[in-house]
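Read off the chains here:
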Amino acid sequence: MKKELEARPLLLLAIGLIAGLVARNHLPSLAIPLALVVLLPQWPPRAWLLGGVSLGILLSPPEVTPVVSRTFVDCGAVVAGTPKLYEDRTTVPIASGEDLYLMQTSPDADLARGDRIHVRGVVRPLSESSERHLLSQGIVGRIRASYLRVERHGFRPYRWAEAIRRSFLRFTDRTLPKPIAAAVDALCFNVDTYLDRDAKDDLRKTGTIHIVSASGLHVMVLAGALMALLSLLPAPRGAQILLLTAFLALYACATGLQGPIVRASMVAMAGLSAYLVRRDPDPLSALALAATAVLLANPREVYDVGFQLSFITVGAFVLFLPRSEERPATASWLRASLVASAASAPLVGYTFGSIPLLSIPANALVAMVVPAIVVLGMGAFGASFIWASLAQGLMLAVAPMVGWLYIAVELCARPSFSVLYVPEFSGYWLVPVYGAFLLVWRRREIQAGR
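Here the residue index of a chain counts from 1 through its sequence in written order. Under the rules for a predicted model, residues below a pLDDT of 70 receive no local features and side-chain atom pairs below 80 are neither given nor counted, while totals for whole chains, interfaces and linings still include all residues. Computation of side-chain values covers all heavy atoms of the structure but excludes hydrogens and water.

### Topic: the pairing of strand 6 (residues 139–152)
1) Next: Any two strands between which DSSP finds at least two bridges are classified as paired. Strands here are runs of E lasting at least two residues and helices are runs of H or I lasting at least four, both read from the DSSP assignment and numbered beginning at the N terminus. Both strand 4 (residues 99–105) and strand 6 contribute to a ladder of five bridges, which runs parallel. Counted as the bridge partner of Gln 104 is Arg 144 from strand 6.
2) Next: Inspection of the sheet shows strand 5 (residues 116–124) paired to strand 6 by nine bridges, in the antiparallel sense. Across the sheet, the residue bridging to Arg 124 is Arg 142, located in strand 6.

### What to know about helix 6 (residues 156–175)
Residues that lie three or four places apart on an α-helix share one face, since the helix turns once every 3.6 residues.
1) Next: Residue count minus one, scaled by 1.5 Å, sets the expected span of a helix. For helix 6, built from 20 residues, the straight-helix expectation of 28 Å at 1.5 Å per residue is met to within 8% by its first-to-last C-alpha distance of 29 Å.
2) Next: Using a 1.4 Å probe on the protein chains alone, a residue whose accessible area is under 20% of its type maximum counts as buried, one over 50% counts as exposed, and one in between counts as partly exposed. The complete set of buried residues in helix 6 reads Pro 157, Arg 159, Ala 161, Glu 162, Arg 165, Arg 166, Ser 167, Phe 168, Leu 169, Phe 171, Thr 172 and Thr 175.

### Focus: helix 4 (residues 43–59)
1) Next: A rise of 1.5 Å per residue sets the reference length of helix 4, with its 17 residues, at 24 Å; its end C-alpha atoms lie 24 Å apart and thus fit the reference within 8%.
2) Next: Those residues of helix 4 that sit buried are Pro 45, Arg 46, Leu 49, Gly 52, Val 53 and Gly 56. Buried residues of helix 4, viewed axially, fall in a sector of 130 degrees; they line one side. Set apart from the buried face of helix 4 by more than 90 degrees, the exposed residues are Trp 43, Pro 44 and Leu 58. In this description, one arc is meant: the one made by directions from the helix axis to the C-beta atoms.

### Section: the pattern of salt bridges
1) Next: The rule for a salt bridge is simple: a side-chain nitrogen of Lys or Arg has to be within 4 Å of a carboxyl oxygen of Asp or Glu. If you walk through the whole model with that rule in mind, you get ten salt bridges.
2) Next: Bridged by salt links that share partners, the residues Asp 110, Asp 115 and Arg 159 form one connected network.

### Points about unusual backbone geometry
1) Next: Despite not being glycine, Asn 190 shows a phi value in the positive range, around 65 degrees.
2) Next: Locating Asn 190 in the fold gives a position in the loop between helix 7 (178–189) and helix 8 (197–205).
3) Next: What makes Asn 190 buried here is its relative accessible area of 18%.

### Quick notes on the environment of Tyr 406
1) Next: Tracing the backbone through its elements, the reader meets Tyr 406 in helix 17 (residues 388–413).
2) Next: In this structure the C-alpha to C-alpha distance between Tyr 406 and Ile 180, which are 226 residues apart in sequence, comes to 9.3 Å.
3) Next: What Tyr 406 contacts, discounting residues up to four positions off in sequence, is Pro 179, Ala 183, Leu 195 and Ala 199.
4) Next: Definition of a polar contact: a pair of N or O atoms within 3.5 Å, with one able to donate and the other able to accept a hydrogen when the atoms are protein atoms, and with sequence-neighbouring residues admitted only if both atoms are side-chain atoms. Reaching out from Tyr 406, the side chain makes a polar contact with the backbone oxygen of Pro 179 at a distance of 2.9 Å. Residues are treated as being in contact if the distance between any of their heavy atoms lies within 4.5 Å.

Have a look at this one:
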């Protein structure tokens, strides 16, 4: 393990940065970089690690004080995130001065990240059920807007991305029944607000909720499909990679710049960049670079469970799924499901108090259709601008696949033993648990070399 760390300064920087960011609330977290300082004999690796710790402490997000009473506001603000769309409303985080609020407005509000707005309304305290989650994001209260005016639009690509997302939602609404369209919206653009509550519960029980959440799976599927199409063009490889990079950046904006999406996009871009400079990509360094970029942009992401699950799962893939192995597709997917379930189970149990026991068969069943749904759905949307009949035909092929997904998830969620409920425990137990994972990996590597 020592050699792997010494050869990856970006990984040391990311470890130090994470430890520094959480040190304000969890001082024992500094024990990890201190132990690594002792383990690493050379000063250059130590400097990367300690630099990350120092940067993390400097950028550590301060505690926020929630709103405790209703007040009227009439102020300017900046849209601080991607609007979340519901049938009867739109919600979006806005920043006014040093405070961050969750604003609720009409469903047809034309907003995008970075827009400067003027808002009037009533500030309310956070609800009990969502207070902990929203406070971790820095949100101190809710605003129900009675008046809203956009004074200046923000960064233009943000508006392009938002326009693409809304256009896709209108397209699926025209071409698919409502429950099918809701699933396609969630799979392709992370819009899960139209999904039925029972469907969401089944997805959580079976450990498949990641397929309708911000996920790197979607990025990798789309990147692979688009790269295959671009490779057919008579254009230099470098130009193809630049086009794919622009698409991934726009897609990340359209899906809300969520940590897992940004992570997957940056990992894909890093891998493509390695090709341009004629070097083999290093997945761990690419993962560390993505984590560092996400946390520098928004240090509060370190407390987001989506960010944590995404990086732990992908890290486990890198360590336990060697790229050199040649296995049948089914065997590879089953092993990937096993690794993902094992790596995420401790964190899922700590965060949600339950562990899905049928996640491996459930993921295996939905994996049969999810990539096809994403590729065909996005392909149909693109075709709708030039050939409406082709777009309609592709969506007809998508509908039964979504039906299969619903059936598979419901069947796996039905048994009473599908979920294991675990008692509450301290998060510090996660350190030795994941440390044991790393020790297992080390023994496997030593045995392989004998």
